[in-house]
Amino acid sequence: MTQFDLTDDQRQIQEMAQKFTADAITPHAGEWDEKHIFPKDTIRSAAELGFGSIYVSEDAGGIGLGRLEAALIMEAMAYGCPSTSAFISIHNMAAWMIDRFGSDDLKAKYLPSMVTMEKMGSYCLTEPSSGSDAAALKTKAVLDGDHYVVSGSKAFISGGGENEIYVVMVRTGEDGPKGISCLVIEKDMPGVSFGAQEKKLGWHSQPTCQVNFDDVRVPVSNRVGGEGEGFRIAMMGLDGGRLNIGACSLGGAQRCLDEAVKYTKDRKQFGNPIADFQNTQFTLADMETELQAARILLYTAAAKVTANAPDKTKFAAMAKRLATDTGSSVVDRALQLHGGYGYLQDYPIERFWRDLRVHSILEGTNQIMRVIVSREMLRQ
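Nothing here was measured: the structure is a model prediction, and the numbers come from that model.

Turning our attention to the pairing of strand β3 (residues 147–158). Where strand β2 (residues 140–144) lies against β3, 5 bridges are found, and the strand directions are antiparallel. Each bridged residue has a counterpart across the sheet, and for K140 the counterpart in β3 is S151. Once β2 ends, the chain turns through 2 residues before running back antiparallel as β3, passing G145 with a positive phi of about 70°. Strand direction decides the pairing type here: β3 and strand β7 (residues 208–219), joined by 9 bridges, are antiparallel. Within the sheet, the bridge partner assigned to K154 lies in β7 and is V211.

What follows covers the packing of helix α1 (residues 8–25) against helix α3 (residues 40–48). Two elements in contact, α1 and α3, have axes separated by 11 Å at closest approach and are oriented at 160°. The orientation of α1 relative to α3 falls into the category roughly antiparallel. The chirality of how α1 crosses α3 is right-handed. In this structure, α1 contributes F20, A24 and I25 to the contact, and α3 contributes T42, S45 and A46. Here the residues of the contact of α1 with α3 are counted per class, giving 4 nonpolar, 2 polar and no charged.

So, on to unusual backbone geometry. Even without being glycine, F156 reaches a positive phi, approximately 60°. Relative to the assigned elements, F156 resides in strand β3.

Thresholds applied
- Residues numbered from 1 in each chain as written.
- Predicted model: local features only at pLDDT ≥ 70, side-chain atom pairs only at ≥ 80, totals over all residues.
- Heavy atoms only, no water.
- Pairing = 2+ DSSP bridges.
- Helix = DSSP H or I, 4+ residues; strand = E, 2+ residues; numbered from the N terminus.
- Axes fitted to C-alpha atoms, helices over the stretch in contact; angles between N-to-C directions.
- Parallel < 35°, antiparallel > 145°, perpendicular 65-115°, else oblique.
- Left-handed = near helix turned anticlockwise from the far one by under 90°.
- Contact = heavy atoms within 4.5 Å.
- Nonpolar A, V, L, I, M, F, W, Y, C, P; charged D, E, K, R; others polar.

Shown next, in the form of C-alpha cells:
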C-alpha cells in the first residue's frame, strides 16, 4: 500500500472478494440469519479463492498475503454478511497460528484440510470465568508420557460443535501468562464435548457454544510452539483478528450507509425526498467522514502488523476500537434514517445492527483496547 491508496494488486483482490460476495453471500444472508443456517458450502467456495488461508504461507498451501489484503477481503465479505465473514476470519487466525508456530509435522497434519476448509478451525481462549483476564485461564494440560491430559472448558467458541479443529490455550505451568501453552485438539478426540448452541442477538449464520475437555489425551506433537509460549502466540493471533473484526465492521457499516443513501433519495416527506433536507445531508456526511477515518487507521494498522512494526499491537487495538465503535454508530444512524422501516426485517439494516454489536466485545473488549493503548503510551 502506498501512503494513501491501494496498489493495483490489492484492488484486484478487493474486487474479487466483492464479486464473490455479490454472487454468493449477499442474496442469501437474510435467509441464513432468519433460519440460523450455517452456510458451509458457501464458506468452502470462499476457500477455493484462497480465503481460508489468506496469510498462511504459500509453502503450506496458503496464498501468503498480508494483513491489509486480509482486511480488504473481510471488509468485502462483511458487506454481505458480517457473521459469515467473521467466521472465516477466525478460521484464518487458527490456521495462521499453526502455520507460523507449528512444527513441520503439525503443519502437514492439519493445514492441507484447513486451507480448503474441508476441516474448519476454532480459536479457543475465553473461558466461563476468564474473559478479559485471559491470562487467568484454568483449562489444564498435565503431561503424561507423550501426551497431555486436558481438562476444562472454553466459552463462546465460534464454530463450536461444528468445526473439526480447535486451537486451544491451556495451562501447563505456573499461574499467569508464562504458564500457558497452545494445543491443537480435534473434535473427535475422546473426552471432547459441546454445550448447547448459544441463542445470540446476532451472528446467526455461525454456530457458537461451550467446548468441554474431560481428560482428553492430546499428543505432545500437537503443541503449537514451545511450552509456555501459548499466551504470546494467542496475543499475536489477536492482532490480526482485531484487524479483521474491525474490517467486518467497516464492511457492514458501508453496506448500511449505501442503503441509507439509496433510501433517503427515494423516500419522500413533506413533498420532497428526505435526502434534500440538510439534516439528512449532515448525517450522511458525518457517517461517511467517520467511516473513512476509521478505514484509514485500520489499513495503517494492518500494514504495521504485516511489517511487524514495534507499535503494531497498539495500532491494532486503536483500529479495532475505532472501527467497531464507528461501524455500530454508522449502522445505528442508517437505521434511524430509515425510520420505522429500518426496524423491520424487510430491510437489511436491523440484521447489521445486531451483527455488529458484538464486535466491540470479542477479540478483546473495546475497554481492553483502551487499556492496551494507554499502557503503550505510558510506557514511553
